[in-house]
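Single-letter residue listing:
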Amino acid sequence: MLVPISWLREYVNIDNIELKEFCDKMIMSGSNIEVVESFGEEIKDVVVGRITQLEKHPDADKLSVVMVDVGNEVLQIVTGATNVNVGDYIPVVKSGGILPGGIKIKKGKLRGIESDGMLCSAKELGYTDKVIPVAHKDGIFILDKEYPLGIDIVEALQLKEDVIEFEITPNRPDCLSMLGMAREAAAVFEEKIEYPDTRILNETDDINKYIAIEVKKPELCRRYTAKVIKDVKIEQSPWWLQKRLISAGVRPINNIVDITNYVMLEYGQPLHAFDSKFISGNKIIVDTASENQKFVTLDGTERKLDADMLLINDAEKGIGLAGVMGGLNSEITDETTTIVIESANFNADNIRATSKKLALRTEASARFEKGIDPNLTLDAINRVCKLVEMLGAGTIVKGIIDIYPQKYEAASVKVRTHRINALLGTEMSNLELSNIFERLEMIVEAKGDDLYVTPPTVRLDLKEEIDFLEEAARIYGYDKLNVTVPKGNIQGGKTNRRILEDTIKETLIAVGVNEIQTYSFVSPKGVDMIMVPENSIKRNFVRLINPLGEENSVMRTTLVPNMMEVLVRNYNRNINNAAAFEIGRIFIPSEEKLPNEPLSLVLGMYGETNDFYMLKGVVETILDKIGIKNVDFEPEVNHSTFHPGRCSNIIYNGSFLGIMGEIHPDVAENYDISARVYICEIDFEGLIRHSNTEKLYMPLPKYPSVERDIALVVEERVFVKEIEDIIKSNGGKLLESVELFDIYRGKQVKEGYKSVAYNLVYRDINKTLTDDEVNSVQDKVVKALKEKLGAELRDQ
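Predicted, not measured: the structure shown is a model, and the values here were computed from it. (Residues numbered from 1 in each chain as written. Predicted model: local features only at pLDDT ≥ 70, side-chain atom pairs only at ≥ 80, totals over all residues. Heavy atoms only, no water.)

## Quick look at the overall build of the protein
Reasoning step 1: On a plain count of helices and strands, the protein comes out with 20 helices and 41 strands.
Reasoning step 2: Evaluated residue by residue, the protein yields a buried proportion of 50% over its 796 residues.
Reasoning step 3: When contacts within the protein are restricted to residue pairs at least 6 apart in sequence, long-range pairs at least 24 apart make up 69% of them.
Reasoning step 4: When the accessible area of the protein is evaluated, it comes to approximately 40,600 Å², of which 47% is carbon and sulfur surface.
Reasoning step 5: Computed over 96 positive and 126 negative side-chain charges, the separation of the two mean positions in the protein equals 2 Å. (Helix = DSSP H or I, 4+ residues; strand = E, 2+ residues; numbered from the N terminus. Buried < 20%, exposed > 50% of the residue type's maximum accessible area, 1.4 Å probe, protein only. Contact = heavy atoms within 4.5 Å. Areas by Shrake-Rupley, 256 points an atom, 1.4 Å probe, with all protein chains shown as cover. Lys, Arg positive; Asp, Glu negative; His and termini not counted. Charge placed at Lys NZ, Arg CZ, Asp CG, Glu CD.)

## Focus: the packing of helix α2 (residues 19–28) against helix α4 (residues 178–188)
Reasoning step 1: Closest axis-to-axis distance for the α2/α4 pair is 10 Å, and the angle between their directions is 95°. Comparing their axes, α4 and α2 come out roughly perpendicular. In this structure, α2 uses Phe22, Lys25 and Met26 to contact α4, whose residues at the interface are Met181, Glu184, Ala185 and Val188.
Reasoning step 2: Class assignment for the residues of the contact of α2 with α4 results in 5 nonpolar, no polar and 2 charged. (Axes fitted to C-alpha atoms, helices over the stretch in contact; angles between N-to-C directions. Parallel < 35°, antiparallel > 145°, perpendicular 65-115°, else oblique. Nonpolar A, V, L, I, M, F, W, Y, C, P; charged D, E, K, R; others polar.)

## Comments concerning a nonpolar patch on the surface
Reasoning step 1: Where nonpolar side chains cluster on the molecular surface, the patch consists of Ile27, Met28 and Tyr478 and spans about 240 Å² of accessible area.
Reasoning step 2: Residue position: Met28 is located in helix α2. (Patch = residues over 30% accessible without salt bridge, like charges linked within 9 Å, V, L, I, M, F, W, Y side chains within 5 Å. Salt bridge = Lys/Arg side-chain N within 4 Å of Asp/Glu carboxyl O.)

## Overview of the packing of aromatic side chains
Reasoning step 1: Scanning the model with the defined rule gives 8 aromatic pairs in all.
Reasoning step 2: Consider the rings of Trp240 and Tyr262, whose centres lie 5.9 Å apart with planes at 90°: the pair is edge-to-face. Note that Trp240 is positioned in helix α5 (residues 239–247) and Tyr262 in helix α6 (residues 255–267), a separation of 22 residues in sequence.
Reasoning step 3: Looking at Tyr262, the relative accessible area reads 0%, which means it is buried.
Reasoning step 4: Seen in terms of ring centroids, Phe612 and Tyr613 are 5.7 Å apart; in terms of plane orientation they differ by 85°. Their pairing is edge-to-face.
Reasoning step 5: Three or more aromatic residues link up through ring pairs in this structure, and these residues are Trp7, Trp240 and Tyr262.
Reasoning step 6: Sitting above the plane of the Phe633 ring, Lys616 keeps its charged end 4.8 Å from the centroid.
Reasoning step 7: Here Lys750 stacks its cationic end above the ring of Tyr753, 4.6 Å away from the centre of that ring. (Phe/Tyr/Trp six-rings, centres within 6.5 Å; stacked < 30°, edge-to-face > 60°. Lys NZ or Arg CZ within 6 Å of the ring centre and 35° of its normal.)

## Description of the environment of Val388
Reasoning step 1: On the secondary structure map, Val388 appears in helix α9 (residues 376–391).
Reasoning step 2: The class for Val388 is buried, based on a relative accessible area of 1%.
Reasoning step 3: Sequence spacing of Val388 and Cys175 is 213 residues, and the spatial spacing of their C-alpha atoms is 25 Å.
Reasoning step 4: With residues up to four places along the chain from it excluded, the contact list for Val388 reads Ile229, Ile256, Ile259, Ala393, Gly394 and Ile396.

## A few points about the sheet that holds strand β41 (residues 792–793)
Reasoning step 1: The strand order β39-β40-β38-β41 describes an open sheet built from 4 strands, whose pairing is antiparallel. Here the strands that pair on one side only, and so sit at the sheet edges, are β39 (735–744) and β41.
Reasoning step 2: Here strand β38 (residues 706–715) runs beside β41; their pairing, made up of 2 bridges, is antiparallel. Bridge pairing in β41 places Val713 opposite Glu792.
Reasoning step 3: Sheet contacts for helix α20 (residues 771–789): β38, β40 (753–762) and β41; angle to β38, the most-contacted strand, approximately 15°. (Pairing = 2+ DSSP bridges.)

## Some details on α6
Reasoning step 1: Its 13 residues give α6 an end-to-end C-alpha distance of 18 Å, which sits within 8% of 18 Å, the value for a rise of 1.5 Å per residue.
Reasoning step 2: Taken across its 13 residues, α6 has 12 buried, putting it largely inside the fold.
Reasoning step 3: Residues Asn255, Ile256, Asp258, Ile259, Thr260, Asn261, Tyr262, Val263, Met264, Leu265, Glu266 and Tyr267 constitute the buried set of α6.
Reasoning step 4: The N-cap residue of α6 is Asn254: its side-chain oxygen and the backbone nitrogen of Ile256 are 3.2 Å apart.
Reasoning step 5: Looking at the residues trailing α6, positive phi occurs at Gly268, about 85°. (Expected span 1.5 Å × (residues − 1). Polar contact = N/O pair within 3.5 Å; in protein donor to acceptor, adjacent residues only side chain to side chain.)

## As for the sheet that holds strand β11 (residues 161–166)
Reasoning step 1: Overall, antiparallel pairing links the 3 strands, which are arranged β1-β11-β2 in an open sheet. Strands with a single pairing partner mark the edges of an open sheet, and in this sheet they are β1 (2–4) and β2 (33–39). Going across the sheet, the axis of each strand differs from the next one's by a mean of 20°, ignoring polarity.
Reasoning step 2: Where β2 meets β11, 6 bridges bridge the pair, whose relative direction is antiparallel. Note on β11: the bridge partner recorded for Glu37 is Val163.

## Section: the pairing of strand β22 (residues 339–346)
A regular strand places its side chains so that they alternate between the two faces of the sheet.
Reasoning step 1: Among the 8 residues in β22, 8 count as buried, and that is most of the element.
Reasoning step 2: Covered by surrounding structure in β22 are Ile339, Ile341, Ser343 and Asn345 together with Val340, Glu342, Ala344 and Phe346, the residues of both alternating faces.
Reasoning step 3: Summarising the sheet, strand β14 (residues 221–230) and β22 pair through 8 bridges and their orientation is antiparallel. Paired with Thr225 across the strands is Ser343, a residue of β22.

## Comments concerning the pattern of salt bridges
Reasoning step 1: Scanning the model with the defined rule gives 57 salt bridges in all.
Reasoning step 2: Lys217 is paired through a salt bridge with Asp287; the nearest N and O atoms lie 2.9 Å apart. With Lys217 in the loop between β13 (212–215) and β14 and Asp287 in strand β16 (residues 283–288), this residue pair connects regions lying 70 residues apart in the sequence.
Reasoning step 3: In this structure, the salt-bridge partner of Glu471 is Arg459, at a minimum N-O distance of 3.0 Å. With Glu471 in helix α12 (residues 465–476) and Arg459 in the loop between β27 (450–454) and α12, this pair connects stretches of sequence that are 12 residues apart.

## Considering the packing of helix α11 (residues 430–439) against α12
Reasoning step 1: Packing of α11 against α12 leaves a shortest axis separation of 10 Å and a crossing angle of 90°. Comparing the axis directions of α11 and α12 gives the class roughly perpendicular. Within the contact between the two elements, α11 uses Leu433, Ile436, Phe437 and Arg439 and α12 uses Phe468, Glu471, Ala472, Ile475 and Tyr476.

## Focus on the environment of Asp449
Reasoning step 1: Along the chain, Asp449 turns up in the loop between β26 (443–447) and β27.
Reasoning step 2: Note on Asp449: relative accessible area 63%, which makes it exposed.
Reasoning step 3: When sequence neighbours within four positions are dropped, the list of residues in contact with Asp449 reads Thr417 and Asn430.

## Observations concerning the nonpolar core
Reasoning step 1: By size, the foremost hydrophobic cluster in this structure holds 112 residues, and its most contacted members are Phe22, Tyr224, Ile284 and Phe437.
Reasoning step 2: When residues in this core are grouped by element, the largest group, 8 residues, is from α4.
Reasoning step 3: Among all residues touching Phe22, those that are not within four sequence positions of it are Ile5, Leu8, Ile14, Ile17, Ile164, Phe166, Ala185 and Phe189.
Reasoning step 4: Residues Val522, Val554, Met563 and Leu567 belong to the second largest nonpolar core, which totals 31 residues. (Core = buried A, V, L, I, M, F, W, Y, C linked by side-chain atoms within 4.5 Å.)

## Digging into the state of the cysteines
Reasoning step 1: Taken as a whole, this structure holds 0 disulfides when the rule is applied.
Reasoning step 2: Its sulfur unpaired, Cys647 is 9.8 Å from the next cysteine sulfur, which belongs to Cys680. (Disulfide = S-S within 2.5 Å.)

This is how it looks when you write it as structure tokens:
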């Protein structure tokens, strides 16, 4: 749910609260925040201008030369736009001005004509394609009215806006609205909420002359409310309304559609407008469709319905798919003069089933399928009429049709104060607890030591005492709850498996890698994104019977797509360096009823400080920590997810533990990330099998070690592992350790070769080594390297 702060302030007084404080307190009250974005901050030296002259470019058919008055001067600008005319007010970025993304506009020439700036489209002002108003989708952004020339466009259009994206859980559909979030904010900051004005000042005529309503399936349509508006004038909405819709992620269409969308966002109640002239018989009938009935929705798609789907009909045909999408045969057009507004409450299960069967999910269906308070329909439809009246978009017809056979009322629930305090570890009085509930617009009646609490009807999630305990805890403040330990005798402790998992996590965190957790339900397209072969076992999914959508329809068989999504999300938010890991289960179908659920470990990183060797070092660190030493990294060139020249299998005692390397360029392109990404996926069950955490005592050596550095020039094709294997096999018992400390390619090494430098440590546990003894072994090592690899000692 996208919540523009300026819009929220219309309902609750938070003017004196800093954005960070607001976010922190909302999070602590249980309203999780995904992201906070600020719009308009990057725009510099973009002003309002008026086109005073428009001529064709003398040397280019597709260009025009316009003269633009920006108040204190007139600018000559060359443009390719085709939607501008003399007299239009438009945003103009002057020479030296800056647009979102740091784009700086400079004075220049186009086909020999000087251009001193640029006319701006809505996209160039920072708006995404999906929310740009239909009227401005192609071409320059034509302003809705006259503004003072030369005024800053950010000031003129009030573009500066902080927008908070809240993560709304399925049990809180009331928060899928501005008023829902306003209620939350009012409770947290102890403010009163100001509800929208729904009073209609002027009505005329009689609604019964225009429409009649019949609900044949009351079990699927709990309430149906309708109003009629005549003398409708279809035009663009004023900018203030368009701006709010855009900030909330909705594209403005025209004034009538925009008003219904605005009220849906405001109240959380979906609405729909029908063109009255297309309603046969002036009657709306709410009934299920016929089996295999065909219906064309507003998106122009013909859909085959079944007998369980609820349909809005007129006397002859279907005109709307209830709770999902309207019909193309009754849509609002520029010629529309009379409309019927629908504000209804449909069965959540039925809407969810219809949406799923048709693979058609809309803003309306997303709200209906979670459940909506039927008492909202009247306020919402009156609010639509009020806005139509305010904007002069039509005349409200007197009367309302409201079919509501059984009114929904919230039940009162007994809440024991002593029980709340016992579970939360608090000492709240009846008065304090009552105050918390009343801040949430609940009606509280005290009877002795108990409270009888009636929630507002929008809170469909409050049914039992434990629900009210959660409300008390979050408004009281989770951060204020005392920390206590469990009482009683606790037997046992951590299993070896859990100890190993915690050791790996602690080690990874210690080396600077962040732990993440992602969903097990994923999209089947994830394996396509990482280019998994068609015959791979990773395409053998456990599929969900009732997924929320295709993006959550299967259970993951690999953690790599999840990691890629997290890294790309951070990269797109200008995080220059990122390193993350996840230990999670993957799900492999089996012949048994339940799938196999082995644990897997995935590491991912990108950025200037992160590369293949950094990833390899992290892997070696965690393996060493759990007693898996002397691991081999064998080149892998056939794995489709990874770069063929920068990928290795991780092998221990002949067993495959995992794979690591740089992501294939095609995979990076699939995710639209230009940075080099490094991924490692390890079989966690294999780590458990091979781990050895037993500590053996070894006395400190009595005799000193002798170190020798060796720099070798070898062909580029020679792997480091080949060199190390030869050194170890010829170093004998005296060779204690081998460490690579430098790889060099440059002017001092001929093309096709590289220089590798090692530190060799020799030691005899029974005596002090002499130079002759060390030199003898060192010479043997060098000789073997020359014979087997053609290596040459590099001149120091």
